[in-house]
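One-letter residues, chain by chain:
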Amino acid sequence: MPTVTQNQGLRNIAIIAHVDHGKTTLVDAMFRQSGLLRDNQQVDDRLMDTMDLERERGITIAAKNCSVMWQGVRINIIDTPGHADFGGEVERALSMADGAILLVDASEGPLPQTRFVLNKALTAGLKIIVVINKIDRQDARPDEVLDEIYDLLIDLDASDEQLEFPLLYAVGRDGIAKKNLTDESENLHILLDTIIAQVPGPTYEPDAPFQMLVSDLGYSDYLGRLAVGKVFNGSARSRDQLVCLGADGHSAPLKVTKLQVYQGMQPADIDQVQPGDIVVLAGIEAVTIGDTICHHEAPHALPRIRVDEPTVAMKFTINTSPFSGREGKYVQSSRLRERLHKETLLNVAVQVEQTGDRDSQLVKGRGEFQLAILIETMRREGFEFCVGRPEVIFRHEKGVKLEPMERLLVDCEEQFLGAVTEKLSLRKGKMTNLVNNGKGRVRIEFSVPSRALIGYRDEFLTDTRGTGIMHSLYDGYDTYRGDCPSRFTGSIVADRTGKAVAYALFNLEPRGRLFIVPGDPVYEGMIIGEHNRGQDIDVNPCKEKKLTNIRAAGKDDSVILSPIKPITLEQAISFIRADEMLEITPQSLRMRKSVLAAQKRRTLYVSKTKKK
């Protein structure tokens, strides 16, 4: 039995929290109080949100590393996303951690996304520290939330040791933490002390050769490909000769050109790394997440990072509309294929498959939100392409059709309970729990097929008049529950190319909700609105008023159109049907029919009905 030792100079800890429970704000306060930032140094809030999309949406999308020094110990902090769609980020982040801080809002309590990440941490056997945050809220209920945390841990089969967790209360925005609600506190020192006292140092075998598991990838214009991961055993120096073991067991030689560890947010050069360090290593091009970098004399692979299988697929294809190539920088299928392949190298939860058509790719991911973030990122990089409707991935086991399920948590006012329950029952949802706190709001849990939630969020906000809160969590595969409606309305489709005219749009307004304004360019097959009825209609949005030489009463009345609310990327993805696509360019989002010509669509429709 090999001897195992702990590195007491290091602590590797992940922070687990639901979206908007104050995780990034708490890390900011830890930076300031550990001496990483000067007292008068001007920095942006939410330092860990480095991506533009993270700052705009206020969520963590990619797992990131940083470190603080406290009492001579370096605490490596791994920021994990709070959304289940980014589960691939969670799994690779937790592979580097030895402990976890569970951060829970003092009012909302543990929500479904918290459950997802916490389950992964408990399965990995990490030491848990519970922090109840935002205790200064007027509606804070820390005692009830603590009971909910215990219930959640018991439900997730936590061990007796994990149930005896250290408990702290915090106000992350003010940078204070304390052991008891009645205690006075001015800082986070007790939190940093608890991390050092309760989280074990990383373990390693003193006599074992160098082993490092690659958990993340980066790129530098000066150093090339960067491998980021935790050193499990041994040490390495710059210029060492090592090997990289891939998924197939094949070894590729590499020479370490630079070693770095995190100091604050930025990597800093170091001559030698020690066991337990989270390292940035340069010197290899052909490396993927899950590979093991080790000594060439003792090539032994570590267990690869395992991720849950994708549940949603979307078709990505080149833009074939009449407006293709006008706004995008990258429009070729080779560019699209190359960019999607690069995404699979950086994100273990994304898979790309070739289709029969060489101009299209099938992209699989954890959820429609994860794919929407990928689409928005590519759009900002200058790509122009089209995507189809998200489709769930079915499985067949022993002749039974299975589909992915979601655990849906709805928090709404009591008066909207009937409308929400009715809509979800139509979508094959089953109510599993109902809690009425007696304050006018109810919390309901449903088991719903994943496909039924595509496009439901906007309907839910309308039904609850914008006051409802909805969170969903992947809950495994279950028996197929039958067909359910995706959309009860049809599309208003333009029948020619031109520019939209106010007169024509004014006459089309009674037909449904429009998506365009006068002057917008349109083409045949482009969806310009949502029809009130279930079927599609082809219309002429370019029709102008006929001019005569007779002056009539009311002739000069100005046309006043209803204001148009711009449709977002997520709304557009949810809106399109199976025979529709979304055209994406750096400047525009246009919904369209897969077959643009109206005559061809009619012919296809007739042939389908005859077959039935």
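In this report, we go over the structure that sits alongside the text. (Residues numbered from 1 in each chain as written. Predicted model: local features only at pLDDT ≥ 70, side-chain atom pairs only at ≥ 80, totals over all residues. Heavy atoms only, no water.)

### Here we look at the environment of Ser235
For Ser235, the position within the fold is in the loop between strand S11 (224-233) and strand S12 (236-237). Sequence-distant contacts of Ser235, defined by excluding residues within four places in its chain, comprise Phe210, Gln272 and Val273. Looking at Ser235, its side chain comes within polar contact range of the side chain of Gln272, at 3.1 Å. (Helix = DSSP H or I, 4+ residues; strand = E, 2+ residues; numbered from the N terminus. Contact = heavy atoms within 4.5 Å. Polar contact = N/O pair within 3.5 Å; in protein donor to acceptor, adjacent residues only side chain to side chain.)

### So, the pattern of salt bridges
Any two side chains of opposite charge can pair, so long as their charged atoms come close to each other. Tallied over the full model, the rule gives 27 salt bridges. Put simply, Arg513 and Glu530 hold a salt bridge, and the shortest N to O gap is 2.9 Å. Taken together, the residues Arg513 in strand S32 (residues 512-514) and Glu530 in strand S34 (residues 527-531) connect sequence positions 17 residues apart. Judged by its relative accessible area of 44%, Arg513 is partly exposed. We note a salt bridge from Glu580 to Lys593, for which the minimum N-O separation is 2.9 Å. Of this pair, Glu580 sits in strand S36 (residues 580-584) while Lys593 sits in strand S37 (residues 589-593), and the two are 13 residues apart along the sequence. The two residues Glu580 and Lys593 agree in class, both being buried. Salt bridges linked by common partners bring Asp536, Arg577, Asp579, Glu580 and Lys593 together as one network. (Salt bridge = Lys/Arg side-chain N within 4 Å of Asp/Glu carboxyl O. Buried < 20%, exposed > 50% of the residue type's maximum accessible area, 1.4 Å probe, protein only.)

### Re a negative patch on the surface
On the surface, Asp143, Glu144, Asp147 and Asp151 cluster together into a negatively charged patch. Position of Asp151 relative to the elements: it lies in helix H5 (residues 142-155). (Patch = residues over 30% accessible without salt bridge, like charges linked within 9 Å, V, L, I, M, F, W, Y side chains within 5 Å. Areas by Shrake-Rupley, 256 points an atom, 1.4 Å probe, with all protein chains shown as cover. Lys, Arg positive; Asp, Glu negative; His and termini not counted. Charge placed at Lys NZ, Arg CZ, Asp CG, Glu CD.)

### Brief notes about the pairing of strand S2 (residues 10-17)
Burial of S2 is extensive: eight of the eight residues sit out of reach of the surface. With burial as the criterion, each face of S2 is covered, one bearing Leu10, Asn12, Ala14 and Ile16 and the other bearing Arg11, Ile13, Ile15 and Ala17. Pairing of S2 with strand S5 (residues 99-105) involves five bridges; the strand directions are parallel. Bridge pairing links Ile15 to Ile101 in S5. (Pairing = 2+ DSSP bridges.)

### A short note on helix H9 (residues 368-380)
With 13 residues, H9 should cover 18 Å at 1.5 Å per step; its first-to-last C-alpha distance of 18 Å lies within 8% of that length. Most of H9 is tucked away, with ten of its 13 residues classed as buried. Immediately beyond the C-terminal end of H9, within one or two residues, lies Gly382, with a positive phi of roughly 105°. (Expected span 1.5 Å × (residues − 1).)

### Section: the side chain of Glu384
Of note, Glu384 is situated in the loop between H9 and strand S23 (385-388). Reaching out from Glu384, the side chain makes a polar contact with the side chain of Asn319 at a distance of 2.9 Å. Within the structure, Glu384 has its side chain in polar contact with the backbone nitrogen of Gly328 (distance 2.7 Å). Setting aside residues up to four positions removed in sequence, Glu384 forms contacts with Asn319, Phe323, Ser324, Gly325, Arg326, Glu327, Gly328, Tyr330, Val331, Ile584 and Thr585.

### Some remarks on the packing of helix H8 (residues 333-346) against H9
Following both chains from N to C, one finds H8 and H9 inclined at 130°, their axes separated by 12 Å at the closest point. Judged on the interaxial angle alone, H9 and H8 are oblique. In the crossing of H8 with H9, the sense of the turn from one axis to the other is right-handed. Along the contact surface, H8 presents Leu336, Arg339, Leu340 and Glu343, while H9 presents Leu374, Thr377 and Met378. The class makeup of the residues in the contact of H8 with H9 is four nonpolar, one polar and two charged. (Axes fitted to C-alpha atoms, helices over the stretch in contact; angles between N-to-C directions. Parallel < 35°, antiparallel > 145°, perpendicular 65-115°, else oblique. Left-handed = near helix turned anticlockwise from the far one by under 90°. Nonpolar A, V, L, I, M, F, W, Y, C, P; charged D, E, K, R; others polar.)

### Looking at empty space enclosed by the protein
Evaluation of the coordinates by the stated rule reveals two cavities of 30 Å³ or more. As a volume, the largest cavity reaches approximately 40 Å³. As for the largest cavity, its lining consists of Thr317, Ile318, Tyr330, Val331, Gln332, Arg335, Leu336, Phe383, Glu384 and Phe385. Where the lining of the largest cavity is concerned, the elements lending two or more residues are strand S20 (312-318) and H8. Broken down by class, the residue content of the lining of the largest cavity amounts to six nonpolar, two polar and two charged. Approximately 30 Å³ is the volume found for the second largest cavity. Looking at the second largest cavity, the residues that line it are Lys423, Leu426, Arg427, Pro485 and Phe488. Per-class residue counts for the lining of the second largest cavity are three nonpolar, no polar and two charged. (1 Å grid on protein atoms, 1.4 Å probe; cavity = no way out; pocket = protein on both sides within 12 Å on 5 of 7 lines; lining within 4 Å. Points joined across faces, edges and corners; volume = space filled by probe spheres on them.)

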